[in-house]
Structures are given as C-alpha cells and as structure tokens.
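Residue strings, one per chain:
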Amino acid sequence: MRIALVTGASSGLGREFVRQLAHEPGLDEIWVVARRREKLEELRTVCPLPVRVLALDLTKPECLEELRHTLAVHKPDLRVLVNAAGMGRIGSTVDLPERDLANMVNLNCRAAVEVTDAAFPYLHSGSRVLEICSTVGFQPMPGLNVYAATKAFLLSYTQSLHYELKPAGIKVTAVCPYWVKDTEFIGVASANGQGFRHYPLASRSSDVVRRALRDSRHNIRVSTPGLVCTLHRAAAKIMPTAAALPMADMIRKI
C-alpha cells in the first residue's frame, strides 16, 4: 500500500497538502494526523483517495507511540511524508505563557523529529520528506523568538537529513514559506493582541504547497515558495545578526 502521511492536516498548509497530494499519481491512500477528528473527517469529502484518520496530539508521547504502532501493523510503502504540524505565538517572550513556549518546542521540534524517525523504516528510494519550516528560521526574530528558534532547529535538522538520506534515494526538503494569508496561523498566533500590524505580500496556501511539492520532486534541499522568503533567505546570508534584529523588530511595528 503506497501512502502519503500528512501531519497538521486539519487546517492550513497541511490540509492543502492533502488536497494536492490526492491528485499525484502512485498513491493508494492518504493518512492524516491532527488533534481535531471532525476536521480530519471532512477531508473524506474533498479527497478522491481513501483517507485514514489518525486523531492524535503529537505533543503527547502516547500518541506518538500509537502512530508508530499503526505504521508497524500496516507496514506501508511511505511515498510522501509531510510534517506540517506546528504552532506559533507572537509576542515578547517574557509575556507568553510558559505552556505555549513549551508546546512550540514540543510540536515544532520534538514531534517533527519523532514522526520522521517513526517513518524511516517505511521510506524507500523515491520517497519524499517535506518538513514545514518557515522563513523566520533563517534568522532570529523579535516577537517570534521561540517560534523562529524552533524553525531554525527544524531547518538545520532537515538540511542534514537531506544529505544523510540522499544515498538511499530518499528526497528531503525543508519548506520555508513567508506568511500565508488563508490559514488559521496568523489569527491563532496573534490571539493575545501582540501580532504584527501588517502582513504585506502574504502568500496563499495553494501556491506554497504547489511550489513545495515541485521542489520536493526535484530534491531541492531548501524550498522558498515565494518572492519574499526567497529574498529573505538571500538577505539573511549577508546581513549581520546585530543589524537584522532591530530591523526585524521595526518591520513588526510598521
């Protein structure tokens, strides 16, 4: 059984990945993972492929063990893994609840690594792994401090994984989008009223996913699916952190 496994599939980029993967050739089934079962069940109505719903909270060790067990029982041929589960909070680090800080680290870092580790036995030559990072992973970001740090971790992890798995023919891509306007992320992340004032040139999820899947097919190590994130990546390579920090903070307040 040839499958795609998508975490964070109940909304946002994860949901859009399911919609677009459903039209890729060679898949028999899509496994979808998120906390909200009802949102996952809705995917059955928009996906032409069979959907296996796994209502799991990936911040909980027992849920990760359940995912490992399900994979071990079915032993699928895992053609595409998309780690899109993640959370973010906007605001000064000292003002954010400790629980939110811990959950960002647990979901964006630990869970992504553990899901990928669980998938290793079922990946084969030609399989593709997409880890959803962020353009903020290219540099420290005031107002998004912990979130940016978790995405920097995931970006580093994914780039090394790309190198390690290349001899086996497994394609690994770090996807680093800019703001995506038609997802829940901006609203949820800024629910405490500390969001950015504007989100200029924000992308659309359909464009981000289409470009990310294209880049993964070509085994691009880092995908910047949009103009802003591509320019940001280039600028981060040449701009000293001491200059980038106040500039990023200024942009947040404009």
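One can find the structure itself at the top, above this paragraph.
Residues numbered from 1 in each chain as written. Predicted model: local features only at pLDDT ≥ 70, side-chain atom pairs only at ≥ 80, totals over all residues. Heavy atoms only, no water.

**Overview of the overall build of the protein**
Where we set the bar: Comment: elements are numbered from the N terminus, with helices defined as DSSP H or I runs of at least four residues and strands as E runs of at least two. Accessible area is worked out with a 1.4 Å probe on protein chains only. A residue is then buried under 20% of its type maximum, exposed over 50%, and partly exposed in between. By definition in these notes, contact holds between two residues if any of their heavy atoms fall within 4.5 Å. In this description, accessible areas are obtained by the Shrake-Rupley approach with a 1.4 Å probe, and a residue is regarded as covered only by the protein chains that are shown.
Regarding its fold elements, the protein presents nine helices and seven strands. Looking at the 254 residues of the protein, the share that counts as buried comes to 53%. Of the contacts formed within the protein by residues at least 6 apart in sequence, a portion of 69% connects residues at least 24 apart. Carbon and sulfur atoms make up 55% of the accessible area of the protein, which totals about 11,700 Å².

**Considering the packing of aromatic side chains**
The line we're drawing: In this scheme Phe, Tyr and Trp rings, the latter by its six-membered ring, pair at centre separations within 6.5 Å, and the angle between planes marks the pair as stacked below 30 degrees, edge-to-face above 60, and tilted otherwise.
What the rule picks out here adds up to one aromatic pair. Seen from their ring centres, F153 and Y157 are 6.4 Å apart, and the 5 degrees between their planes marks the pair as stacked. A residue pair is termed a helical-turn pair when its members lie 3 or 4 positions apart in one helix, as F153 and Y157 do in helix 5 (residues 145-165) at four residues. For Y157, a relative accessible area of 19% corresponds to the buried category.

**Things to note about the packing of helix 4 (residues 98-119) against helix 5**
A pair of packed helices can be characterised by two numbers: the angle between their axes and the separation between those axes. Stated formally: Here an axis means a line fitted to C-alpha atoms, over the contact stretch when the element is a helix, while the angle between two N-to-C directions is reported on a 0 to 180 degree scale. Angle categories: roughly parallel below 35 degrees, roughly antiparallel above 145, roughly perpendicular from 65 to 115, and oblique for all the rest. Left-handed describes a crossing in which the near helix is turned anticlockwise from the far one by less than a right angle; the clockwise case is right-handed. Under the scheme applied, nonpolar residues are Ala, Val, Leu, Ile, Met, Phe, Trp, Tyr, Cys and Pro; charged residues are Asp, Glu, Lys and Arg; polar residues are all the others, including Gly.
Viewed as axis vectors pointing N to C, helix 4 and helix 5 meet at an angle of 10 degrees, and their least axial separation amounts to 9 Å. The orientation of helix 4 with respect to helix 5, classified from their angle, is roughly parallel. In this structure, helix 4 meets helix 5 at a crossing whose hand is right-handed. In contact with L101, M104, V105, N108, C109, A112, V113 and T116 of helix 4, helix 5 contributes V146, Y147, T150, K151, F153, L154, Y157 and L161. A per-class count over the contact of helix 4 with helix 5 returns twelve nonpolar, three polar and one charged.

**Here we look at helix 5**
Heads up, the rule is: Expected span, for any helix, means 1.5 Å times one less than how many residues it has.
The first and last C-alpha atoms of helix 5 sit 30 Å apart over 21 residues, in line with the 30 Å expected at 1.5 Å per residue. For helix 5, every residue scored as buried is listed here: V146, Y147, A148, T150, K151, L154, L155, Y157, T158, L161, H162 and L165.

**Structural notes on the pattern of salt bridges**
Here is the rule we go by: Salt bridge, as applied in this entry: a Lys or Arg side-chain nitrogen positioned within 4 Å of an Asp or Glu carboxyl oxygen.
The full count for this structure, using the stated rule, is 15 salt bridges. When the shortest N-O distance is used, the salt bridge between R217 and E24 registers 2.8 Å. Taken together, the positions of R217 in helix 7 (residues 205-217) and E24 in the loop between helix 1 (12-21) and strand 2 (29-34) put the pair 193 residues apart, joining distant regions of the chain. Judged by its relative accessible area of 40%, R217 falls in the partly exposed class. Relative accessible area serves as the criterion here: at 14%, E24 is assigned to the buried category. A salt bridge links D117 to R68, with the nearest nitrogen and oxygen atoms 2.7 Å apart. Of this pair, D117 sits in helix 4 while R68 sits in helix 3 (residues 61-74); the two residues are 49 residues apart in sequence, bridging distant segments of the chain. Note on R68: relative accessible area 27%, which makes it partly exposed. Each of E24, R128 and R217 takes part in one network of salt bridges that share partners.

**Observations concerning helix 1**
Burial runs high along helix 1: eight of the ten residues are buried. Residues of helix 1 that are buried include every one of L13, G14, R15, E16, F17, V18, Q20 and L21, and no others.

**Describing the pairing of strand 3 (residues 51-55)**
Within a regular beta strand, the side chains point alternately toward one face of the sheet and then the other, so they alternate between its two faces. Filter applied, for reference: Between any two strands, at least two bridges found by DSSP are needed for them to pair. Orient the strands so they point away from the viewer, and a crossover whose first-strand-to-second-strand path over the helix runs clockwise is right-handed.
Of the strand pairs in this sheet, strand 2 and strand 3 are connected by five bridges, and their pairing is parallel. Looking at the pairing, I30 lines up with V51 of strand 3. What joins strand 2 to strand 3 is helix 2 (residues 37-42), and the crossover it makes is right-handed.

**Let's talk about the environment of L227**
With respect to the helices and strands, L227 occurs in helix 8 (residues 227-238). When its relative accessible area of 61% is taken as the criterion, L227 is described as exposed. Each C-alpha atom of the pair L227 and S203 lies 9.2 Å from the other, and the pair is 24 residues apart in sequence.

Functional significance is not addressed by these values, which are geometric in nature.
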